[in-house]
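For reference, the chains in residue letters:
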Amino acid sequence: MSRAVDSPIVGIDLGTTHSLVAVVQDGVPRVLPTREGRNLLPSVVNFQDGRPVVGFAARGCKITDASHTVYSAKRLLGRGFEDLKDLAGQLPYRIEPGEGVVRISVEGRSTTAIEISALILRELKLSAEASLGCAVSRAVITVPAYFNDAQRQATRTAGRLAGLEVLRIVNEPTAAALAYGLDRKREGLIAVYDLGGGTFDVSILKLHEGIFEVLSTNGNTGLGGDDLDRALAAVCARELRAEHGLDAHADLDFWAALLERCEAAKIRLSEAASALIELPLPGGKGVYRRTLDRAEFEALVRPVLEPTRASCLQALADAGLRREDLSDVVLVGGPTRLSVVQDFARQVFGREPNTSMHPDEVVAQGAAIQADILAGNNPDLLLLDVVPLSLGIETYGGLMSPLIPRNTRIPASAQETFTTFVDHQTAVDIHVLQGERERVEDNRSLARFKLKGITPLPAGLPRVQVQFLIDADGILQVSAKDLRDGHEQSVEVRPSFGLSDAEVERMLREREAGAEADRSFRTLVDARTEAEPVLRACQRSFPDGRHLLSEEEARNVEARMETLQAAMVGNDPEKIRQESFLLDQASRKLADLLVRAALTRPKV
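What this report covers is the structure whose coordinates are included nearby. (Residues numbered from 1 in each chain as written. Predicted model: local features only at pLDDT ≥ 70, side-chain atom pairs only at ≥ 80, totals over all residues. Heavy atoms only, no water.)

### Describing the packing of helix 4 (residues 113-132) against helix 5 (residues 149-161)
Relative placement of two packed helices is described by the angle separating their axes and the distance separating the axes. Following both chains from N to C, one finds helix 4 and helix 5 inclined at 50°, their axes separated by 8 Å at the closest point. In this view, helix 4 runs oblique relative to helix 5, as classed from their interaxial angle. The crossing of helix 4 and helix 5 is right-handed. Side by side, helix 4 and helix 5 meet where Ile-114, Ser-117, Ala-118 and Leu-121 of the first sit next to Ala-154, Thr-157, Ala-158, Gly-159 and Leu-161 of the second. Looking at the contact of helix 4 with helix 5 residue by residue, the class counts come to 6 nonpolar, 3 polar and no charged. (Axes fitted to C-alpha atoms, helices over the stretch in contact; angles between N-to-C directions. Helix = DSSP H or I, 4+ residues; strand = E, 2+ residues; numbered from the N terminus. Parallel < 35°, antiparallel > 145°, perpendicular 65-115°, else oblique. Left-handed = near helix turned anticlockwise from the far one by under 90°. Contact = heavy atoms within 4.5 Å. Nonpolar A, V, L, I, M, F, W, Y, C, P; charged D, E, K, R; others polar.)

Structure representation (structure tokens):
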């Protein structure tokens with residue numbers, strides 16, 4: 001069966017905290033609502049009875065069911081256990097030590113950040129299909145500009161597992177500039193300061209006659225808004241130990257709840273002068289309370305933001321620009337709503353930052369614009385991106401020899417000729433590296449392969465040509481060729497921290513086999529989620545209002561509450577919806593009487 005020609009290509013912002021899907025309609029990028037009716041989908045997955053729940057329904061479980069809930073998985077994509085040792089103790093789920101792809105232990109099962117990301121992408125795919133009324137199988141997905149090859153490959157694999165053909169991987173600040181430039185049809189030199197939930201990027205772009213050219217990029221894939229939450233939580237944890245002798249990290253649910261309260265306080269301080277952090281202590285031992293004013297918060301988090309200064313200055317230097325040369329500084333990402341972040345960007349760049357774009361939606365809109373370009377609907381726009389980190393191979397003495405320097409425009413290719421160091425050598429090992437250091441061990445290893453069959457000659461005589469080809473997604477192919485006999489070996493780089501082909505195929509088969517069961521489970525969870533507030537509201541109000549009802553009415557409400565509770569334990573979504581409706585009908589008189597009683601109560 002061939003794919004419909006008019007099948008839409010969507011743009012996806014796969015974020016650390018929230019994710020979005022967008023599409024261009026009538027020339028305008030539009031964020032599509034999720035199946036939960038929101039523009040933002042929390043990048044959170046909760047496992048209930050072994051099955052995943054994604055989005056707002058899962059986000060509430062960060063506190064109530066922390067050990068079965070995974071979030072901030074984007075920070076784990078394409079990274080090894082050694083990379084994450086500092087982060088592991090701060091997450092409410094366990095990262096398993098070991099070689100290769102990082103595995104997450106949740107609900108007695110082992111999963112990966114790739115699989116978690118695939119679940120989020122699949123929910124976005126289903127949301128887009130529900131909104132557009134047609135199948136969606138192609139997408140452009142954004143990543144932080146400083147994502148390395150392993151992280152980009154992991155993102156592409158997650159898309160494939162979600163049932164999407166990933167047509168292009170686009171850097172997030174580049175996508176933001178694309179949306180910004182299209183909206184204003186202007187020219188200039190723009191710095192995009194992109195602080196997301198888990199990553200930071202800065203890119204310097206030149207806009208000229210519809211061409212978006214990235215001049216340089218820099219950043220930190222381990223710094224984001226989550227770190228502001230953790231800085232505040234660390235202060236609270238010290239106070240809890242000093243005042244109550246409590247180890248906040250010991251109880252997963254309590255630590256998750258503390259992080260949630262700190263995040264809420266941070267968001268509150270984007271609008272208010274102070275925020276209250278209030279949290280019941282474990283075991284009913286009281287309540288922890290502290291008021292945080294904006295000045296105290298800003299003093300606390302400013303050191304966390306400080307590393308972004310060096311990234312910004314380096315990006316300017318790499319672009320051969322001074323900050324005075326910039327025409328605009330654009331802020332992207334939810335944390336840039338904070339006045340401390342805006343003040344910091346203003347200080348670094350020496351100019352007022354532009355906050356006119358929606359910081360949460362602009363990246364998804366830019367991805368949708370790039371998708372529209374790939375669909376052939378916007379031939380006047382051209383996007384020229386760069387490789388964020390140098391690519392090279394290991395040479396004699398344990399040194400890295402770069403073939404493609406960082407900030408080279410992509411797609412790109414490079415080749416260099418090497419020779420042997422041992423007499424009569426018949427094979428050479430090609431070790432592909434990424435990074436900016438001289439020593440091999442200080443860079444990231446991407447792949448190794450062996451070129452065999454070299455003509456045995458004295459050292460220094462063989463000629464081995466190594467060629468790098470990097471595509472528009474920033475993903476690399478490497479080939480090595482013996483120039484004497486033409487023998488050649490090539491490989492698409494398979495990072496050490498990715499899933500094997502066999503693992504990917506197994507997951508795809510499992511997804512197809514369990515598709516119907518997953519749909520049924522989603523229906524069940526939705527029914528339970530809709531019924532729960534009805535039941536809770538009745539449970540709270542009934543004891544105070546029972547005396548307002550006749551005995552028969554009161555018994556009816558009690559019976560309906562018990563029946564709904566029993567239905568919610570079961571697996572029949574229609575039964576749950578029916579009982580929820582009946583309880584709502586039975587308790588309406590009670591709700592009306594309580595409202596009247598409150599209105600007629602004498603004022604003190």
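Now, onward.
### A look at empty space enclosed by the protein
Within the structure shown, the criterion is met by 4 cavities of 30 Å³ or more. Quantified by volume, the largest cavity comes out at close to 50 Å³. As for the largest cavity, its lining consists of Leu-14, Gly-15, Thr-16, Ser-43, Ser-72, Ala-73, Lys-74, Leu-77, Ser-117 and Ile-120. The residue makeup of the lining of the largest cavity, split by class, is 4 nonpolar, 5 polar and 1 charged. (1 Å grid on protein atoms, 1.4 Å probe; cavity = no way out; pocket = protein on both sides within 12 Å on 5 of 7 lines; lining within 4 Å. Points joined across faces, edges and corners; volume = space filled by probe spheres on them.)

### Topic: the layout of surface pockets
The space that makes up the largest pocket amounts to roughly 880 Å³. If you trace the largest pocket, you find 44 residues lining it, with Thr-17, His-18, Glu-263, Gly-334 and Pro-335 closest to the centre. The set of elements that each furnish at least two residues to the lining of the largest pocket consists of strand 2 (18-25), helix 7 (225-244) and helix 8 (252-268). Looking at the lining of the largest pocket, the element that brings in the most residues is helix 8, giving 7 residues. In the lining of the largest pocket, the residues fall into 15 nonpolar, 14 polar and 15 charged. In terms of domain composition, the lining of the largest pocket takes at least three residues from each of domain 1 (2-224 + 305-384) and domain 2 (225-304). (Domains from an automatic or database assignment.)

### Topic: the side chain of Gln-342
As for its position among the elements, Gln-342 is in helix 11 (residues 339-349). Here Arg-337 takes part through its backbone oxygen, which lies 3.4 Å from a polar atom of the side chain of Gln-342. Here Gln-342 is in contact with Leu-331, Thr-336, Arg-337, Pro-353 and Thr-355, once residues within four sequence places are set aside. (Polar contact = N/O pair within 3.5 Å; in protein donor to acceptor, adjacent residues only side chain to side chain.)

### Considering the packing of helix 7 against helix 9 (residues 294-305)
For the pair helix 7 and helix 9, interaxial distance at closest approach is 9 Å and the crossing angle is 130°. As far as their axial angle goes, helix 9 and helix 7 are oblique. Both helix 7 and helix 9 take part in a crossing whose hand is right-handed. Residue-level inspection shows Asp-227, Leu-228, Ala-231, Leu-232 and Val-235 of helix 7 in contact with helix 9, the latter providing Phe-297, Leu-300, Val-301, Val-304 and Leu-305. Counted by class, the contact of helix 7 with helix 9 contains 9 nonpolar, no polar and 1 charged residues.

### Some remarks on the environment of Ser-311
Relative to the helices and strands, Ser-311 is located in helix 10 (residues 307-318). Under the relative-accessibility criterion, Ser-311 is labelled buried at 8%. For the pair Ser-311 and Tyr-193, spaced 118 residues apart in the sequence, the C-alpha separation amounts to 10.0 Å. In contact with Ser-311, not counting residues within four places along its chain, are Phe-200, Val-202, Asn-218 and Gly-219. (Buried < 20%, exposed > 50% of the residue type's maximum accessible area, 1.4 Å probe, protein only.)

### Some words on the sheet that holds strand 10 (residues 109-112)
The strand order 8-9-10 describes an open sheet built from 3 strands, whose pairing is antiparallel. Strands at the two margins of the open sheet, each flanked by one partner only, are strand 8 (94-96) and strand 10. Strand-to-strand twist of the sheet, defined as the mean angle between neighbouring strand axes without regard to direction, takes the value 40°. Pairing of strand 8 with strand 9 (residues 103-106) involves 3 bridges; the strand directions are antiparallel. Bridge pairing in strand 9 places Ile-95 opposite Ile-104. Sitting on the sheet, helix 4 touches strand 9 and strand 10, and the angle it makes with strand 10 is about 75°. (Pairing = 2+ DSSP bridges.)

### What about a nonpolar patch on the surface?
Taken together, Tyr-396, Phe-421 and Val-422 make up a surface patch of nonpolar side chains, about 380 Å² in accessible area. Looking at the secondary structure, you find Tyr-396 in the loop between strand 20 (391-395) and strand 21 (399-404). Residue Tyr-396 is classed as exposed on the basis of its relative accessible area, which comes to 62%. (Patch = residues over 30% accessible without salt bridge, like charges linked within 9 Å, V, L, I, M, F, W, Y side chains within 5 Å. Areas by Shrake-Rupley, 256 points an atom, 1.4 Å probe, with all protein chains shown as cover. Salt bridge = Lys/Arg side-chain N within 4 Å of Asp/Glu carboxyl O.)

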